[in-house]
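# Structural features, examined
One letter stands for each residue in the lines below.
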Amino acid sequence: MKHLSRLPVSLVLFSVFVAAAGAQSPTEARAAHAYDAAVKAGPLALHAFLDQFPKGADLHVHLSGAVYAETFIKDAAEDGLCIDPKALSFEKPPCADPLVPAAELSGVLTPAQQDLYDRLVDSFSMRSYVPTPGFSGHDQFFSTFDRFHGLSSNRHIGEWVDEIARRAAAQNQQYIELMETPPFSHAAKIAQKNLNFTDFAMYRNLLLSHGLKDEVAADRADVRGAEVARKQMEQCGPTQAMPGCDVTIRYIYQVLRGHSVQQVFAQTLLGFETVQAAMDAHDNTWVGINFVQPEDGFISMRDYTLQMKMLNYLHSVYPKVHISLHAGELAPGLVPPEGLRFHIRQAVDDGQAERVGHGVDVMYEDNAQALLKEMAQKHVMVEINLSSNEGILGIKGAEHPFPIYRTAHVPVALSTDDEGVSRIELTHEYVRAALDYHLSYQDLKQLARTGMEHNFLPGPSLWAAPDIFTLVVDACRGQLPDSDAPTASCKTFLDGSQKATAQWEQERRFRVFEAQFATPATEPRN
Ligand SMILES: [Zn+2]
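Residues numbered from 1 in each chain as written. Predicted model: local features only at pLDDT ≥ 70, side-chain atom pairs only at ≥ 80, totals over all residues.

### Points about the sheet that holds strand 8 (residues 322-327)
- The sheet built from eight strands is open, its strands ordered 1-5-6-7-8-9-10-11 with parallel pairing. Here the strands that pair on one side only, and so sit at the sheet edges, are strand 1 (56-62) and strand 11 (412-414). Taking each pair of neighbouring strands and ignoring which way they run, the sheet shows an average axis angle of 25°.
- Pairing between strand 10 (residues 381-384) and strand 11: three bridges, direction parallel. Residue pairing for strand 11: I384 is matched across the bridge by L414.
- Taken strand by strand, helix 12 (residues 261-280) contacts strand 6 (248-256) and strand 7 (286-292), and its axis lies near 165° from that of strand 7. (Pairing = 2+ DSSP bridges. Helix = DSSP H or I, 4+ residues; strand = E, 2+ residues; numbered from the N terminus. Axes fitted to C-alpha atoms, helices over the stretch in contact; angles between N-to-C directions. Contact = placed C-beta atoms within 7 Å.)

Okay, here's the thing in structure tokens:
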């Protein structure tokens with residue numbers, strides 16, 4: 001109880017009481033008051049206020065999209081890649097004219113090199129991008145990935161994960177689920193050779209008999225290697241650990257949905273096998289599956305229903321592997337109206353999604369109110385990516401269903417999607433949500449706690465009832481849900497649950513954050 005012991009007994013008792021009742025403690029009320037003042041003062045003051053607000057988790061982050069362009073340009077120089085100054089993309093060596101060695105963009109730059117550098121950063125991101133007729137924000141966003149393609153993932157993956165972890169730590173985030181596509185060339189090859197796709201069970205057996213599991217070891221090693229490398233960079237250990245070390249990272253297996261039925265099935269099967277193997281071995285890396293690539297793409301649209309059925313089947317074989325799905329990342333006009341009617345519902349009902357990414361077109365679905373009700377009842381969380389939705393879909397403000405989800409009691413949390421491509425970070429998304437949707441301090445805590453409640457860490461939640469953050473489980477009841485020294489029964493419970501332990505830590509961070517508002521700050525005189 002080292003921190004608690006400094007608090008007056010009456011305050012501790014009051015806090016225990018209010019934690020159970022869901023009312024505000026005096027410290028929380030003071031933080032809320034400071035938040036209201038920051039909102040009034042404008043976005044800059046609010047950003048500064050929210051910088052160290054304990055944001056908990058970012059549950060929707062793509063590894064390749066979360067790294068900033070500047071890092072990729074530096075890495076291209078290390079890998080000896082070339083730059084195509086017209087296409088503004090990386091190319092393989094040799095760098096014959098007009099290709100420019102990426103290594104030239106290091107050290108002292110001439111004005112022409114600085115110009116090329118600037119244009120490359122723009123090309124790899126949404127920076128400076130203005131949609132034009134025939135090339136939308138959607139087109140720019142998804143083209144970036146091909147332009148910075150060709151870097152050695154093996155060499156840089158640890159550095160990339162470290163960059164993401166360091167950025168998260170700097171904003172008082174403690175947990176990330178990072179989407180990554182590990183090698184699947186063997187799975188794709190045997191899928192193409194075994195085109196006889198009649199039923200799921202038969203095809204699964206066929207792929208397994210052709211050595212599909214052979215790639216599981218490489219896929220597990222992919223993210224294990226990333227974790228080892230980033231922990232070395234962050235000097236993780238009992239002493240001198242860097243802040244990035246405190247950020248827990250788990251991985252979501254990305255399946256590329258825009259390919260043949262056979263390949264998508266094979267890669268999904270490989271994903272389930274990999275995640276299951278990692279979970280069985282308690283290696284703390286892979287925890288779930290997601291489908292990526294533009295949802296409005298030709299194959300994504302054509303095969304959507306079939307792909308959800310594949311997930312339904314594979315979920316029945318591997319029920320412990322978590323599923324989050326990009327669904328409803330669509331807007332009117334992007335696809336025909338019929339295409340807006342069913343993706344989220346099928347992701348939930350057939351795809352067995354525990355979380356939905358984006359969910360932007362929900363109000364265009366058949367019987368939207370019933371769908372919202374179902375999502376609230378099943379506690380299917382929506383990963384809200386406000387900047388990404390504006391950049392790709394042009395959806396923002398009142399056009400975005402974020403407030404509708406909240407009113408319908410569908411759990412929601414803020415995430416970044418592709419912070420490198422969007423040139424944002426999670427604090428930016430909190431500021432944006434707070435101002436665009438007039439959120440209270442309590443609302444922001446609800447969002448941050450929801451992210452921790454719906455992460456895929458193993459173990460039961462700290463909270464007694466799902467998505468109600470006022471009463472902790474029996475084992476920890478009667479004490480502050482942020483104590484440094486939980487009672488024996490509570491400690492036993494926390495030791496058995498990675499999720500509850502992370503939630504406990506989040507509550508501790510709330511306490512530390514709010515304590516700064518306990519006494520009025522003394523302003524320096526000048
Ligand atoms: Zn995404």
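Read on for the rest.
### Comments concerning the packing of helix 21 (residues 441-453) against helix 23 (residues 498-515)
- Where helix 21 meets helix 23, the closest approach of the two axes is 10 Å, and the angle between their N-to-C directions is 155°. One way to sum up the angle between helix 21 and helix 23 is to call them roughly antiparallel. Where helix 21 crosses over helix 23, the two elements pack in a sense that is right-handed. For the pair formed by helix 21 and helix 23, the contact residues are K445, R449 and M452 on the first element and A502, Q503, Q506 and F510 on the second. (Parallel < 35°, antiparallel > 145°, perpendicular 65-115°, else oblique. Left-handed = near helix turned anticlockwise from the far one by under 90°.)

### Topic: the pairing of strand 8
- Burial analysis of strand 8 places six of its six residues in the buried class, the great majority of the element.
- Of the two faces of strand 8, the one lined by H322, S324 and H326 and the one lined by I323, L325 and A327 are each fully buried.
- Relative to strand 8, strand 7 is paired through two bridges, and the arrangement is parallel. Its bridge partner lying in strand 8, I289 is registered against I323.
- Sheet analysis places strand 8 next to strand 9 (residues 355-358), joined by four bridges and oriented parallel. Directly across from S324, in strand 9, lies its bridge partner R355. (Buried ≥ 20, exposed ≤ 12 C-beta atoms within 10 Å, placed from the backbone.)

### A look at the domain arrangement of the protein
- By the assigned domains, the protein splits into domain 1 (4-27 + 459-515), domain 2 (69-124) and domain 3 (153-453).
- Relative placement of domain 1 and domain 3: their C-alpha centres are 29 Å apart.
- Every contact between the two is made by eleven residues of domain 1 and, on the other side, twelve residues of domain 3.
- The element that contributes the greatest number of residues to the side of domain 1 that touches domain 3 is helix 23, accounting for six residues.
- Here the side of domain 1 that touches domain 3 is built from residues that sort into five nonpolar, three polar and three charged. (Domains from an automatic or database assignment. Nonpolar A, V, L, I, M, F, W, Y, C, P; charged D, E, K, R; others polar.)

### Focus: helix 7 (residues 137-147)
- For helix 7, the complete set of buried residues consists of Q140, F141 and T144. Buried residues of helix 7, viewed axially, fall in a sector of 100°; they line one side.
- For helix 7, the elements touching its buried residues are helix 17 (386-393) and helix 19 (419-422). (Arc of directions from axis to C-beta.)

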